[in-house]
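Each chain, letter by letter, is given below.
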Amino acid sequence: RKKRSFESRTSVTNHPLARKLFEIMSSKKTNLCVAADVTTSAELISLAEKVGPHICLLKTHIDILTDFSKETVESLKELAATHNFMLFEDRKFGDIGSTVASQYSGGAYNIVDWAELVTVHGLPGDGIIKGLMSAINGRPRGCVLVSEMSSSGALTSQEYVSGCCKIAENHTYFVIGFVSQSNVSSDPRFILLTPGVQLDKSVDGLGQQYVTPRAAVLERGADIIIVGRGIREAEDPEAAAIKYKEEAFSAYLERIEAQ
Ligand code: UP6
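Residues numbered from 1 in each chain as written. Predicted model: local features only at pLDDT ≥ 70, side-chain atom pairs only at ≥ 80, totals over all residues.

J.: What's the story with the overall build of the protein in this structure? I'm lost.
T.: Each helix and strand counted, the protein has 11 helices and 8 strands in total. Scaling as 2.2 N^0.38, a compact globule of 259 residues should have a C-alpha radius of gyration of about 18 Å, and the protein matches this with 17 Å. Counting only C-alpha atoms, the protein reaches 45 × 40 × 40 Å along its principal axes. Classification of the 259 residues of the protein by burial places 45% in the buried group. Relative to all contacts within the protein whose residues are 6 or more apart in sequence, the contacts with residues 24 or more apart total 71%. (Helix = DSSP H or I, 4+ residues; strand = E, 2+ residues; numbered from the N terminus. Rg over C-alpha atoms; globule rule 2.2 N^0.38 Å. Buried ≥ 20, exposed ≤ 12 C-beta atoms within 10 Å, placed from the backbone. Contact = placed C-beta atoms within 7 Å.)

Take a look at the structure:
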């Protein structure tokens, strides 16, 4: 399954956002997601402008902004439309259905209003999916289940991973893939996103562990690599984005040609 092209996988999924993502990846020739972990709206918009042409997804942690406003998301939405990428809020929802429904559609961030995709932990069981779904009000929305983590000592056992896969299989109208560190599913509908990717470092001193874009795609089954500091902290973030994009996409091409 990991050898199929993104293009050919477009037709195996019924989820409009999975299809949209496969199409963006094929047409822009990028399987790079940038983790935009910055603390001001100005930095966020500036980073999105620089990396926008080179990414399929912009991953945010919207709650680390010190100056969040409606204008912030309006600008992000405009950039996403201009450069053809999707907004992906890494909220890592992890509570009971009723609570996540309020966190998704309420509060200061109203995530469901602007983020097409969000991350979700499988820990609470599938009530979390039902809770999130109850807040979408007919909008096209989807989620990625965090099945494994990149940090050292992560508690995601094999049993936990297969539990996440079951939730995904039972809720394909909402779950479009996984955050993972290995080939957690052979189902071509599911998109695997792998964080913990950097070219120059192997750890960050706070538990994060890195592999190269090539290793993520060819050894860990990543469809999409997620890169934060490797790009953000580079002298020239746009040049770094191009470099990570090219490394990850050429590894992907190698993988599909190997069939
Ligand atoms: N992230 C991980 N590992 C996971 C899941 N998510 O690092 O298992 C997220 C982090 C951060 C990004 O929350 O936003 O991916 C990685 O950033 P970095 O490249 O700067 O380490």
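J.: In this structure, what is going on with the sheet that holds strand β7 (residues 191-194)? I would like to understand it.
T.: In spatial order, the strands read β1-β2-β3-β4-β5-β6-β7-β8; together these 8 strands close into a barrel with parallel pairing. Averaged over neighbouring strand pairs, the angle between their axes works out to 30° when direction is ignored. One ladder, built from 3 bridges, connects strand β1 (residues 32-35) with strand β8 (residues 224-227); its direction is parallel. Bridge pairing in β8 places Leu32 opposite Ile225. Of the strands in this sheet, β5 (142-146) and β6 (175-179) touch helix α8 (residues 158-170), which is tilted by about 160° from β6. (Pairing = 2+ DSSP bridges. Axes fitted to C-alpha atoms, helices over the stretch in contact; angles between N-to-C directions.)

J.: Whenever I open this one, the UniProt feature "binding site: substrate" (unreviewed entry) in the protein confuses me. Can you help?
T.: Sequence positions flagged by UniProt for "binding site: substrate" (unreviewed entry) are, in local numbering, Asp37, Lys59, Ser150, Gln208, Gly228 and Arg229. Locating Asp37 in the fold gives a position in the loop between β1 and α3 (41-51). Topologically, Ser150 is positioned in the loop between β5 and α8. (UniProt positions renumbered as here; feature names shortened; annotations may be inferred.)

J.: Please explain the UniProt feature "active site" (unreviewed entry) in the protein as it appears in this structure.
T.: Under the local residue numbering, the UniProt record ascribes the feature "active site" (unreviewed entry) to Asp90, Lys92 and Asp95. By the secondary structure assignment, Asp90 is in strand β3 (residues 86-93). Setting aside chain neighbours within four positions, we find Asp90 in contact with Lys59, Thr60, His61 and Thr119. Tracing the sequence through the fold places Lys92 in strand β3.

J.: How should I be thinking about the pairing of β6 in this particular structure?
T.: Taking burial as the measure, the 5 residues of β6 include 5 buried ones, the bulk of the element. By the bridge criterion, 4 bridges tie β5 to β6 in an arrangement that is parallel. By the bridge assignment for β6, Val144 is matched with Gly177. Regarding the hand of the β-α-β motif, the stretch spanning β5, α8 and β6 is right-handed. Examined bridge by bridge, β6 and β7 share 3 bridges and lie parallel to one another. Across the sheet, Phe178 pairs through a bridge with Leu192, a residue of β7. (Right-handed = clockwise from strand over helix to strand, strands pointing away.)

J.: Which parts of the structure should I look at to understand α8?
T.: Note that an α-helix has 3.6 residues per turn; residues three or four places apart therefore point the same way. Between its first and last C-alpha, α8 extends 19 Å over 13 residues, near the 18 Å set by a 1.5 Å rise per residue. Where α8 is concerned, the buried positions are Cys164, Cys165 and Ala168. For α8, the angular spread of buried residues about the axis comes to 100°, placing them on one side. Among the exposed residues of α8, those oriented more than 90 degrees off its buried face are Glu159, Ser162, Lys166 and Asn170. Packing partners of the buried residues in α8 comprise β5 and β6. (Expected span 1.5 Å × (residues − 1). Arc of directions from axis to C-beta.)

J.: Help me understand the pairing of β5 in this model?
T.: Strand residues, when the strand is regular, have side chains that alternate between the two faces of the sheet. Most of β5 is tucked away: 5 of the 5 residues are buried. Neither face of β5 is open: one carries Gly142, Val144 and Val146, the other Cys143 and Leu145, and all of them are buried. By the bridge criterion, 5 bridges tie strand β4 (residues 117-121) to β5 in an arrangement that is parallel. Paired with Val118 across the strands is Cys143, a residue of β5. Crossover handedness for the path β4 to helix α7 (residues 127-133) to β5: right-handed.

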